[in-house]
Amino acid sequence: MTRNRLYLLFFIALIAGYIYLAYAISQQQMHSTFTPCVFKNATGIACPSCGATRSVLLLAHGNFASAFMLNPFGFIIATIMVIGPFWMLYDFVFKKDTLHLAFQKFEQAVKTKWVAAILILLVVANWIWNINKGL
Amino acid sequence: MDSQKVDLYLMTNAKFFQPQHLNYIRERLLLLDESKWFMIQGIDLKDPTTILIVSIVAGSLGIDRFMIGDTGLGVAKLLTCGGLGIWAIIDWFLIMDLTRQKNMEKLQQLLQ
């Protein structure tokens, strides 16, 4: 993927993420049970990342332990959403491509067999945990 | 390379590439050295139809993106449950062409 394309996609993703987060906060006050997850709506069981929105919202309130118990993915998403804009701004202002290089390194790392195996195991374990919790 | 071999290769593998690239591939293959023939045949090309099926069944987990080698976007898709389902649906229409592009990138490395 080229540098500019990555930055554009990342920018759109961040904006969409924050809009969805604002929407989720406004919904939370009304205790709505709406879920956008296609997988959950189709099969009735939770997907590996179900509960991530609630987890991020709990993190925003400083509730670290219950956020981890709900879905550990929330930590990853929250970290990306907090650091992402600053990192992109840094690259944009100083005309560097550190984010692009980091992304390429990450892609290479994930492609190594044992890293991929560990990550898949973690995701599957989280999925089983999610279904057991009945998210 | 032998034009018979090139035509055979193109006949069996045409579905893996975008139609507009086929002429270019043919020309480059004809210029290529005979010794690269085995390497060309050894490339791991992904079938667009298979990836489309994977995308429809497990698209919201990002598995289609992982399979074509877009691991970074695959992780993003997995974390967001297929971009809240929207990205997963968009990818049903994009993934076949993306697969052909990725195949072309793999072949391009050997053609140069």
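Residues numbered from 1 in each chain as written. Chains lettered and ligands numbered in written order. Predicted model: local features only at pLDDT ≥ 70, side-chain atom pairs only at ≥ 80, totals over all residues.

**Topic: the overall build of chain A**
Counting its regular elements, chain A contains seven helices and zero strands. Seen in sequence order, chain A has helices and strands lined up from the N terminus as α-α-α-α-α-α-α. The buried share of chain A, taken over its 135 residues, is 16%. Taking contacts inside chain A between residues at least 6 apart in sequence as the whole, the part at least 24 apart equals 47%. (Helix = DSSP H or I, 4+ residues; strand = E, 2+ residues; numbered from the N terminus. Buried ≥ 20, exposed ≤ 12 C-beta atoms within 10 Å, placed from the backbone. Contact = placed C-beta atoms within 7 Å.)

**Concerning the overall build of chain B**
Looking only at helices and strands, one finds eight helices and zero strands in chain B. Counting from the amino terminus, chain B carries its helices and strands in the arrangement α-α-α-α-α-α-α-α. Within chain B, buried positions represent 29% of all 112 residues. In chain B, once contacts between residues fewer than 6 apart in sequence are set aside, the share between residues at least 24 apart is 62%.

**Looking at the packing of helix α1 (residues 3-13) of chain B against helix α2 (residues 22-31) of chain B**
To characterise two packed helices, one gives the angle between the axes of the helices and the distance between these axes. All names here are of chain B. α2 packs onto α1 with a crossing angle of 150° between their chain directions and a minimal axis gap of 10 Å. Judged by the twist between their axes, the crossing of α1 over α2 is right-handed. From α1, S3, V6, Y9 and L10 reach across to α2, where they touch L22, I25, R26, L29 and L30. Residue classes in the contact of α1 with α2 are distributed as seven nonpolar, one polar and one charged. (Axes fitted to C-alpha atoms, helices over the stretch in contact; angles between N-to-C directions. Left-handed = near helix turned anticlockwise from the far one by under 90°. Nonpolar A, V, L, I, M, F, W, Y, C, P; charged D, E, K, R; others polar.)

**What to know about the environment of A:A24**
All names here are of chain A. By secondary structure assignment, the location of A24 is in helix α1 (residues 3-28). Look at A24 and you get partly exposed, because 16 C-beta atoms sit within 10 Å. Not counting the four nearest positions on each side in its chain, A24 is found in contact with T53 and L57.

**A short note on the nonpolar core**
Core analysis: the largest hydrophobic core is formed by nine residues, namely A:C37, A:F39, A:A46, A:C47, A:C50, A:L135, B:L61, B:L78 and B:C81. Residues in contact with A:C50, not counting those within four places in the same chain, are A:C37, A:K40, A:N130, A:L135 and B:C81. In this structure, A:V56, A:L59, A:L70 and A:F73 belong to the second largest nonpolar core, which totals eight residues. (Core = buried A, V, L, I, M, F, W, Y, C linked by C-beta atoms within 7 Å.)

**Describing the confidence of the model for chain A**
Per-residue pLDDT for chain A averages 84, and the proportion of residues at 70 or more is 96%. Across chain A, element-level confidence peaks in helix α5 (residues 73-94) of chain A with a mean pLDDT of 88 and bottoms out in helix α2 (residues 38-43) of chain A with 78. (pLDDT = per-residue confidence, 0-100.)

**Remarks on unusual backbone geometry**
Phi at A:K95 takes a positive value of approximately 55°, unusual for a residue other than glycine. Structurally, A:K95 is set in the loop between α5 and α6 (98-111). Non-glycine residue B:C81 carries a positive phi angle of around 55°. If you trace the backbone, B:C81 turns up in helix α7 (residues 81-84). On the neighbour-count criterion, B:C81 (28 C-beta atoms within 10 Å) is buried.

**Some remarks on the confidence of the model for chain B**
All names here are of chain B. Of the residues in chain B, 100% reach a pLDDT of 70 or more, and the chain-wide mean stands at 85. Taken element by element, chain B is modelled with least confidence in α7, mean pLDDT 80, and with most confidence in helix α4 (residues 48-58), mean pLDDT 89. Scored as a whole, the predicted complex attains pTM 0.76, and scored at its interfaces, ipTM 0.72.

**Describing the packing of α4(B) against helix α8 (residues 86-111) of chain B**
Residues and elements named next belong to chain B. At a minimum axis distance of 9 Å, the contact between α4 and α8 shows a crossing angle of 150°. It follows from the interaxial angle that α4 and α8 lie roughly antiparallel. Our pair here, α4 against α8, has a crossing hand that is right-handed. Residues P48, I51, L52, S55 and I56 of α4 form the contact with α8, whose own contacting residues are D91, W92, I95, M96, T99 and R100. (Parallel < 35°, antiparallel > 145°, perpendicular 65-115°, else oblique.)

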